[in-house]
Amino acid sequence: MKNVLVYMGQMCSYCDAAKRLLNKKNIPYKEINVALEEDKMEEMIKKSNGMRTVPQIFIDGQHIGGNDKLHALEREGKLNSILGI
């Protein structure tokens, strides 16, 4: 199983939607709440080449993007292969 990391914020419907999709696929993930953990916002911005919105999703260290991109990959039938399932 691939390592999935989700940088998220509080009360974020896009974050919730991304996590729902991952949960539906039974994909374990680590979540980091950038609002609660100091320095994690800066870490996310660096890793995502300047993206400041949440969620920002990484699979095995590869930046996927946000919720829209995650769902687009699912609609295109590409997400399972990226996740290794």
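So, here is what we can say about the structure in this document. Quick caveat: nothing in here was measured; it's all calculated off a predicted structure.

**A word on the overall build of the protein**
Logical step 1: When helices and strands are counted, the protein shows four helices and four strands.
Logical step 2: From first element to last, N terminus to C terminus, the protein shows the α and β order β-α-β-α-β-β-α-α.
Logical step 3: Computed over the C-alpha atoms, the radius of gyration of the protein is 12 Å, within 12% of the 12 Å expected from 2.2 N^0.38 for a compact globule of 85 residues.
Logical step 4: In terms of overall dimensions, the protein has C-alpha extents of about 35 × 25 × 20 Å along its principal axes.

**Section: the nonpolar core**
Logical step 1: Formed by 16 residues in total, the largest nonpolar core has its most connected members in Val 4, Ile 57, Leu 70 and Leu 79.
Logical step 2: Breaking this core down by element, the ones donating at least two residues are strand E1 (4-8), helix H1 (13-24), strand E3 (56-59), helix H3 (67-75) and helix H4 (79-83).
Logical step 3: Counting residues per element, this core draws most heavily on H1, at four residues.
Logical step 4: Sequence-distant contacts of Val 4, defined by excluding residues within four places in its chain, comprise Leu 22, Ile 27, Pro 28, Tyr 29, Lys 30, Ile 57, Phe 58, Ile 59 and Leu 83.
Logical step 5: Grouped together as the second largest cluster of nonpolar side chains are seven residues, Leu 5, Val 34, Ile 45 and Phe 58 included.

**With respect to the side chain of Lys 19**
Logical step 1: Residue placement: Lys 19 occurs in helix H1.
Logical step 2: In contact with Lys 19, not counting residues within four places along its chain, are Met 8, Tyr 29 and Glu 31.

**What about H3?**
Logical step 1: Those residues of H3 that fall on the buried side of the exposure criterion are Asn 67, Leu 70, Ala 72 and Leu 73.
Logical step 2: Note on H3: the residue one or two positions beyond its end, Gly 77, has a positive phi of about 75 degrees.

**A few points about the packing of aromatic side chains**
Logical step 1: Summed over the entire model, instances satisfying the criterion amount to one aromatic pair.
Logical step 2: The ring of Phe 58 is capped by Lys 47, whose NZ or CZ atom sits 5.1 Å from the centre of that ring.

**Regarding the pairing of strand E2 (residues 30-33)**
Logical step 1: With four bridges connecting them, E1 and E2 associate as parallel partners. Opposite Leu 5, over in E2, you have Lys 30 as the bridge partner.
Logical step 2: Between E1 and its parallel partner E2, the chain crosses via H1, and the hand of that crossover is right-handed.

**Thoughts on the sheet that holds E2**
Logical step 1: Pairing within the open sheet is mixed, and its four strands lie in the order E2-E1-E3-E4. In this open sheet, the two strands that pair with only one neighbour each are E2 and strand E4 (62-65). Neighbouring strand axes in the sheet, compared pairwise and without regard to direction, differ in orientation by 25 degrees on average.
Logical step 2: Across three bridges, the pairing between E3 and E4 is antiparallel. Along E4, the bridge assignment pairs Ile 59 with Gln 62.

What counts, and at which threshold
Residues numbered from 1 in each chain as written. Predicted model: local features only at pLDDT ≥ 70, side-chain atom pairs only at ≥ 80, totals over all residues. Heavy atoms only, no water. Helix = DSSP H or I, 4+ residues; strand = E, 2+ residues; numbered from the N terminus. Rg over C-alpha atoms; globule rule 2.2 N^0.38 Å. Core = buried A, V, L, I, M, F, W, Y, C linked by side-chain atoms within 4.5 Å. Buried < 20%, exposed > 50% of the residue type's maximum accessible area, 1.4 Å probe, protein only. Contact = heavy atoms within 4.5 Å. Phe/Tyr/Trp six-rings, centres within 6.5 Å; stacked < 30°, edge-to-face > 60°. Lys NZ or Arg CZ within 6 Å of the ring centre and 35° of its normal. Pairing = 2+ DSSP bridges. Right-handed = clockwise from strand over helix to strand, strands pointing away. Axes fitted to C-alpha atoms, helices over the stretch in contact; angles between N-to-C directions.

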